[in-house]
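Listed here are the chains, written in short residue letters.
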Amino acid sequence: MDSSKNRWVNWSETQSCSPQQIAFPSTEGELIDCIHSAIKSDMKLKVVGSGHSFVGAALTDGLLIDLSKYNHITNVDTQNKQVTVQVGKKLEDLNPEIWNHGLAMSDLSDIAYQSVAGAISTGTHGTGIGFGCLATQVVAARVISGEGEIIDCSPEKDADLFGAAVIGVGAAGILSTVTLQLEDAFNLHALEMPMPFDFVIDHQDEFVKDNEHFEYFCHPDLSLALTKRNNRTAKPGKPLSPLGRWYHDEFIIGYLPKLTRLAKQAFPQLSKYLTHEIMVVARDNYIDRSYSVFASERKQYGCEMEYFIPKKHAKEALARVLDFVKGSGLKISMPIEVRWSAADVFPISMCYGRETTSIAIHVEMGERYENYFVPVETIMMNYEGRPHWGKMHFQTSSTLAPLYPKWDEFQKARQILDPKGIFENAYTKRVFGPI
Ligand SMILES: Cc1cc2nc3c(=O)[nH]c(=O)nc-3n(C[C@H](O)[C@H](O)[C@H](O)COP(=O)(O)OP(=O)(O)OC[C@H]3O[C@@H](n4cnc5c(N)ncnc54)[C@H](O)[C@@H]3O)c2cc1C
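Residues numbered from 1 in each chain as written. Predicted model: local features only at pLDDT ≥ 70, side-chain atom pairs only at ≥ 80, totals over all residues.

### Focus on the overall build of the protein chain
Here is step 1 of the chain: For the protein chain, the helix and strand inventory stands at 13 helices and 20 strands.
Here is step 2 of the chain: Relative to its length of 435 residues, the protein chain is compact, with a C-alpha radius of gyration of 21 Å against a globular reference of 22 Å.
Here is step 3 of the chain: For the protein chain, the C-alpha atoms occupy an extent of roughly 65 × 45 × 40 Å along the three principal directions.
Here is step 4 of the chain: Classification of the 435 residues of the protein chain by burial places 46% in the buried group.
Here is step 5 of the chain: Summarising the internal contacts of the protein chain: among those between residues at least 6 apart in sequence, 73% fall at separations of at least 24. (Helix = DSSP H or I, 4+ residues; strand = E, 2+ residues; numbered from the N terminus. Rg over C-alpha atoms; globule rule 2.2 N^0.38 Å. Buried ≥ 20, exposed ≤ 12 C-beta atoms within 10 Å, placed from the backbone. Contact = placed C-beta atoms within 7 Å.)

Have a look at this one:
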C-alpha cells in the first residue's frame, strides 16, 4: 500500500479531498488488506475509479483506494460471450480487448474513460429504449464487504446483495470483479443531423421506437435539434476521418459552446446565427466499431446534472425546462441532451421499474450552475425525477427515498455490506442517510 498525504481532485474539478492515505492495490488480496488496514486504523475508506463523477461520491479524508492498477481481464468465455474483469479497468481499455475476442458490450455511455466499477455503480447509461443502464450487463459480481468478507453474488445467488452492490454508489460494498454479458462484436451505422426542433418533439416517440439508439441535443435559443441515430449494420466500417472525428468530438461538443458564449456576450444575435449555422452543417454519416460510435472523446471540462423521468412525461418536462431558461435571462451556451433507457430491477437504479427519458443539462467549467440546476431540479421533481447518482443534484435521503420503491431493500443490503459504515462519506450520508 502506498501511503502519503495527498490531494485528490475529480475530473471536472468540482470535488477534492485530502485523504490520509492513498492506496493502489493491484490484486484482490491487496484490496482486502486495505479494508483490514482501514478497520484497524479506524479510518473510513472510499474506492475511486476514474474520478468522472461530478459529485463527492468518492471523497474521503481517510483511505482512498485507487483501482487504476486493478485492471485485468481474468476470464473470457467466448462460448457464453462473457468476460470477467477486475473493476478498475477503464471501459476505453476493455472495449478493444474484448473486440479482439470477437465480443462487444451491447451499449455504452457517451464517454468510455470511466472504470467498469464507477460506471456500473452510479447507474451510468447510454441511450436506447431497448437498453438498460450498463449495470444490466452484469451477470455476476464478487463483492467485498466493509468487514473484508468476499461475497460472490448474482441475480440467482444473494440477489438482494447483488442488486445493492452493483448499483451501490460505493456505499454498499466494494466491487472486486464483475462478469459482463457481451454479444458478438458489431458495427454501428451513425447518422447525425440537425432537424427542426418541433419536428423532433412531435416525432420523438417514433424515432425512439424505430432506432436502436436515439438521442438529441437542443438549445432554448435554437429552432433546430441535433439528432443522433445509431443502428447495427452488417456493412463494413466507414469511419470518420481524423478531421471529422475532431470536428465531431471536440469542436461541436467542446469549442462550440465556448465560442457561442463569447459571441453571446459581445454580439448576442451573431452568436445565435453562428450556432444555428454550425448546427446545420453538423452532419455525420459513418460506420464504425460499436464502441467507437457509442463513446466519443471529451477533453473540455464542465459540470452536469441529469434527471430521469418516466418516458410519458418527456415532452412536457422538456418544454417546461426550455420555457424556464427562456424566461430566466440565463445565458446558457451548452445544449440540453435527451436520451432514453429501458426499465430495470436494481433497487436504486434511476431506471428502476420504468421506461425512462433522461434530460441532461450542462454548464461550462467555471460557470455558475446553481441558478440553472436548482430550478430545473424543481421542475423534474414534479415528474418523480430521479437524479443521476454521479452528477450534480441537491437532494437528500428524505426526498430520494419516496422515489425508489425498493429503497428499504437497498438499505437492508447496505447494512449487511457495510455494517460499521466504513464506506460512508458526506455524500453517502446526504443521499442515503447514515448506516
Ligand atoms: C464527460 C462525462 C461524460 C459522461 N457521460 C455519461 C453518460 O453518457 N451516461 C451516464 O450515465 N453518465 C455519464 N457520466 C457520468 C459517469 O459515467 C459516472 O459519474 C461514473 O460513475 C464515472 O465513473 P468513474 O470510474 O469515474 O467513477 P468515480 O467517479 O471514480 O466513482 C463513482 C462512484 O463509484 C464508486 N466506486 C468506484 N469503484 C468502486 C468499486 N470497486 N466498488 C464500489 N464502488 C466503487 C465510487 O466510490 C463512487 O461512489 C459522464 C461523466 C463525465 C465527466
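Now that the structure has been shown, we can carry on.
### Regarding the site of the ligand
Here is step 1 of the chain: Among the 34 residues in the neighbourhood of the ligand, the closest are listed as Gly49, Ser53, Gly118, Gly170 and Gly390.
Here is step 2 of the chain: When contributions to the shell around the ligand are tallied by element, the ones reaching two or more residues are strand S4 (45-48), helix H3 (116-121) and strand S11 (174-181).
Here is step 3 of the chain: Take the shell around the ligand: its biggest share by element is 4 residues, from H3.
Here is step 4 of the chain: The residue makeup of the shell around the ligand, split by class, is 13 nonpolar, 18 polar and 3 charged.
Here is step 5 of the chain: Built from parts of two domains, the shell around the ligand gets at least three residues from each of domain 1 (8-67) and domain 2 (68-184). (Near = placed C-beta within 6 Å. Nonpolar A, V, L, I, M, F, W, Y, C, P; charged D, E, K, R; others polar. Domains from an automatic or database assignment.)

### Things to note about the pairing of strand S9 (residues 138-144)
Here is step 1 of the chain: Along S9, 5 of the 7 residues are buried, which leaves the element largely enclosed by surrounding structure.
Here is step 2 of the chain: Pairing geometry for S9 and S11, over 6 bridges, is antiparallel. Among the inter-strand pairings, Arg142 is bridged to a residue of S11, identified as Thr177.
Here is step 3 of the chain: Bridging between S9 and strand S10 (residues 150-153) involves 4 bridges; their strand directions are antiparallel. Of the residues in S10, the one forming a bridge with Ile144 is Ile150.
Here is step 4 of the chain: A loop of 5 residues connects S9 with S10, the two strands running antiparallel in sequence, and Gly148 in this loop sits at a positive phi of about 85 degrees. (Pairing = 2+ DSSP bridges.)

### Side note on the sheet that holds S11
Here is step 1 of the chain: Taken in spatial order, the 5 strands line up as S6-S7-S11-S9-S10 in an open sheet, and their pairing is antiparallel. Looking at strand neighbours, the two that pair on one side only are strand S6 (73-77) and S10, the edges of this open sheet. Each strand of the sheet is rotated relative to its neighbour by a mean of 10 degrees, with strand direction disregarded.
Here is step 2 of the chain: The strands that helix H4 (residues 159-166) touches are S9, S10 and S11; relative to S9, the one it contacts most, it runs at about 85 degrees. (Axes fitted to C-alpha atoms, helices over the stretch in contact; angles between N-to-C directions.)

### As for helix H10 (residues 370-381)
Here is step 1 of the chain: With 12 residues, H10 should cover 16 Å at 1.5 Å per step; its first-to-last C-alpha distance of 16 Å lies within 8% of that length.
Here is step 2 of the chain: Every buried residue of H10 is accounted for by Tyr372, Phe373, Val376, Ile379 and Met380. The arc that holds the buried residues of H10, viewed along the axis, is 120 degrees, so those residues lie on one side. Those residues of H10 that are exposed and angled more than 90 degrees off the buried face are Glu370 and Asn371.
Here is step 3 of the chain: Contact partners of the buried residues in H10: strand S17 (302-310), helix H9 (314-328) and strand S19 (356-364). (Expected span 1.5 Å × (residues − 1). Arc of directions from axis to C-beta.)

### So, unusual backbone geometry
Here is step 1 of the chain: Positive phi is not limited to glycine here, since Lys81 has a value of about 55 degrees.
Here is step 2 of the chain: Mapping Lys81 onto the fold places it in the loop between S6 and strand S7 (82-86).
Here is step 3 of the chain: What makes Lys81 partly exposed here is the crowd of 18 C-beta atoms within 10 Å.
Here is step 4 of the chain: Phi angles above zero are rare outside glycine, and Glu384 is one such case at about 55 degrees.

### A look at the nonpolar core
Here is step 1 of the chain: Among the nonpolar cores identified, the biggest contains 105 residues, and Ile65, Ile120 and Ala165 are the most heavily contacted of them.
Here is step 2 of the chain: For Ala165, the contacting residues outside a window of four places in its chain are Ala141, Val143, Cys153, Ala172, Gly173, Leu175 and Leu417. (Core = buried A, V, L, I, M, F, W, Y, C linked by C-beta atoms within 7 Å.)

### A few points about the packing of H9 against H10
Here is step 1 of the chain: Axis separation between H9 and H10 bottoms out at 10 Å; the angle between their running directions is 155 degrees. As the angle between them shows, H9 and H10 are arranged roughly antiparallel. Regarding H9 and H10, the two cross each other, and that crossing is right-handed. In contact with Ala317, Arg320, Val321 and Phe324 of H9, H10 contributes Pro375, Val376, Ile379 and Met380.
Here is step 2 of the chain: Per-class residue counts for the contact of H9 with H10 are 7 nonpolar, no polar and 1 charged. (Parallel < 35°, antiparallel > 145°, perpendicular 65-115°, else oblique. Left-handed = near helix turned anticlockwise from the far one by under 90°.)

### Overview of the domain arrangement of the protein chain
Here is step 1 of the chain: In terms of domain boundaries, the protein chain breaks down into domain 1 (8-67), domain 2 (68-184) and domain 3 (187-387).
Here is step 2 of the chain: Averaged C-alpha coordinates put domain 2 and domain 3 at centres separated by 26 Å.
Here is step 3 of the chain: Across the contact, 25 residues belong to domain 2 and 25 residues belong to domain 3.
Here is step 4 of the chain: At the level of elements, helix H2 (91-99) and H4 are the ones that each hand at least two residues to the side of domain 2 that touches domain 3.
Here is step 5 of the chain: Of the residues forming the side of domain 2 that touches domain 3, the biggest block, 3 residues, is contributed by H4.
Here is step 6 of the chain: Here the side of domain 2 that touches domain 3 is composed, by residue class, of 12 nonpolar, 11 polar and 2 charged.

### Considering the sheet that holds S4
Here is step 1 of the chain: Across the sheet, which stays open at both edges, the 3 strands sit in the order S3-S5-S4 with parallel pairing between neighbours. Every interior strand has two partners, whereas the edge strands, strand S3 (21-23) and S4, have only one. The sheet shows a mean angle of 20 degrees between the axes of neighbouring strands, taken without regard to direction.
Here is step 2 of the chain: Pairing geometry for S3 and strand S5 (residues 63-66), over 3 bridges, is parallel. Bridging from a neighbouring strand, Gln21 pairs with Leu63 of S5.
Here is step 3 of the chain: The strands touched by helix H1 (residues 28-40) are S3, S4 and S5; relative to S5, the strand with the most contacts, the crossing angle is about 175 degrees.

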